[in-house]
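One letter stands for each residue in the lines below.
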Amino acid sequence: MKEAIQAVRGMPDLLPEDTARWQQVESVLRECVGSFGYSEVRLPLLEKTPLFNRAIGEVTDVVEKEMYTFEDRSGESLSLRPEGTAGCVRCCLQHGLLHNQEQRLWYTGPMFRHERPQQGRYRQFHQLGVEVFGLNGPDIDAEIIALSQLIWQRLKITDSLQLQLNSLGSAQERAAYRQSLVEFLSAHQEFLDEDSRRRLNTNPLRILDSKDPKVGELLQEAPLLSDHFGSETRRHFEGLQDLLTGLGIAFTLNPRLVRGLDYYNLTVFEWVTHDLGAQGTVCGGGRYDGLVEQLGGESVPAVGFGLGLERLILLLDKLGCFTPYVQADIYVIGSGAGVELHQAAAAAKLRELLPGAKILNHCGGGSFKRQFKRADKCGATFAVILGDNEIAHNSVTIKNLREGGDEQLELPLPEAAKVMGRTLGLSGLAF
Ligand code: ATP
Ligand code: MG
């Protein structure tokens, strides 16, 4: 026998039980972005490599170590997208969507990063991305935060997520801060781990994000970026805090929140949970006013967030938010000569009458006992039974497999559909 080929490490399959959950979550996400009047864009998974180098920054972890980059057959360097913002900006520029226009956009799909796989961290993972272009006030920052909060509300997990907030100021303010931070950290190099020492010369602000406890202690004493804020940054940051407070959205200020990608300025935020261990950031975002220009457009203010679907679904699972997986709500079984056609026709009619129900028609015959077993195994609430009597009476027999005991009910099919529809709690019945 040949050895079976396994999936690429860190690129998990989603099996039927998983996709059922994903679909539930995805439909809530769609509803929420729809509620805010955002429009979907669908973007390619592959982009030209220089797009990411220019957008994300050459000295970030993502570009230095995590991208899947290869030459295609014509020798051009392409990369699987590690995030969605760069591609979204590229798309907007290419199609002139940013010319004197505001855009409120969203997308979802897989992203690819060559990281060490562990719970909540994969090499192929999925994000919901939200990006807004052409608006520069704190009101739109508050809006996308409110949008993310609506998602937690509709999923009933608001209590498990805390909002952390910071401002990264302007490029000039960061440059001034960078100098004072480097001076401070250089004077205390003995407390820095290897990673932080390397970053001292390449990307010192990222040291603020260090998980090393010794570095953490040292940073307590470090100068603060906010000491370098000018009046415009202050106004924006305070304006945002006032709006959030007014909207009843609680937040914690975290002066060490810097985020992984280079392109952010002013507002940055993360929604963090304590229920997922080290991979606790479910959603992160902020303002990136310089990016559009950096990618060859006019100067257009922009703000957005990325929400990790795997982490969100892990959290929902931990909190016990998912109902048990059922393959079908109604399982149609039958016995007798020529019953196959009656089964298929009854199933078809039920699909018409109960468009929200999952109706599985038993195929392959066999004893009633065996067919009931199948019905039970697939989690169906009802068995719909067709035998010689039912065919003769132009009726069906229904049996509630979950709480009906031995009770069976013979009814004309439309009546049976009504009874089952009520028990299943289906809305949008076709009658
Ligand atoms: P982290 O600090 O956890 O590495 P990040 O700052 O690299 O996250 P972003 O680039 O901001 O993450 O992506 C936004 C969201 O996408 C994250 O908050 C997280 O929920 C999710 N995410 C990022 N990388 C991964 C990954 N490798 N596997 C699963 N989800 C991820
Ligand atoms: Mg990362």
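Placed above this text is the structure.
## Regarding the site of ligand 1
- In the neighbourhood of ligand 1, 14 residues make up the surrounding shell, with Arg113, Glu115, Arg121, Tyr122 and Arg259 lying closest.
- The separation between an oxygen atom of ligand 1 and a polar side-chain atom of Arg259 is 2.4 Å.
- Between an oxygen atom of ligand 1 and a main-chain N or O atom of Val282, the distance comes to 3.1 Å.
- Contact with the protein chains covers 89% of the free accessible surface of ligand 1, which is 590 Å².
- Going through the elements one at a time, strand S6 (124–133), strand S10 (281–287) and strand S11 (302–308) are the ones with two or more residues in the shell around ligand 1.
- Among the elements that take part in the shell around ligand 1, S10 stands out by supplying 3 residues, more than any other.
- For the shell around ligand 1, the per-class residue count stands at 4 nonpolar, 5 polar and 5 charged.

## Points about the pattern of salt bridges
- Taken as a whole and judged by the stated rule, the model has 20 salt bridges.
- As a salt-bridge pair, Asp195 and Arg198 come within 3.3 Å of each other at their nearest N and O atoms. Remark: Arg198 and Asp195 occur in helix H7 (residues 194–202); sequence separation between them is 3 residues, near one turn of the helix.
- The exposure class assigned to Arg198 is partly exposed, which follows from its relative accessible area of 35%.
- A salt bridge links Arg402 to Asp376; its shortest N-O distance comes to 3.2 Å. Taken together, the residues Arg402 in the loop between strand S15 (396–400) and strand S16 (409–411) and Asp376 in helix H13 (residues 368–377) connect sequence positions 26 residues apart.
- For Arg402, a relative accessible area of 41% gives the class partly exposed.
- A relative accessible area of 41% places Asp376 in the partly exposed class.

## Quick word on the packing of helix H1 (residues 16–35) against helix H5 (residues 138–155)
- H5 packs onto H1 with a crossing angle of 140° between their chain directions and a minimal axis gap of 9 Å. When the interaxial angle is binned, H1 and H5 end up oblique. Seen from above, H1 lies across H5 with right-handed handedness. Contact with H1, carried on its side by Val28, Leu29, Glu31, Cys32, Val33 and Ser35, involves Leu147, Leu150, Ile151, Arg154 and Leu155 of H5 and no other residues of that element.
- Partitioning the contact of H1 with H5 into residue classes produces 8 nonpolar, 1 polar and 2 charged.

Quick notes on the rules
- Residues numbered from 1 in each chain as written.
- Chains lettered and ligands numbered in written order.
- Predicted model: local features only at pLDDT ≥ 70, side-chain atom pairs only at ≥ 80, totals over all residues.
- Heavy atoms only, no water.
- Near = heavy atom within 4 Å.
- Polar contact = N/O pair within 3.5 Å; in protein donor to acceptor, adjacent residues only side chain to side chain.
- Areas by Shrake-Rupley, 256 points an atom, 1.4 Å probe, with all protein chains shown as cover.
- Helix = DSSP H or I, 4+ residues; strand = E, 2+ residues; numbered from the N terminus.
- Nonpolar A, V, L, I, M, F, W, Y, C, P; charged D, E, K, R; others polar.
- Salt bridge = Lys/Arg side-chain N within 4 Å of Asp/Glu carboxyl O.
- Buried < 20%, exposed > 50% of the residue type's maximum accessible area, 1.4 Å probe, protein only.
- Axes fitted to C-alpha atoms, helices over the stretch in contact; angles between N-to-C directions.
- Parallel < 35°, antiparallel > 145°, perpendicular 65-115°, else oblique.
- Left-handed = near helix turned anticlockwise from the far one by under 90°.
- Contact = heavy atoms within 4.5 Å.

All quantities given are derived from atomic positions and should not be read as evidence of function.
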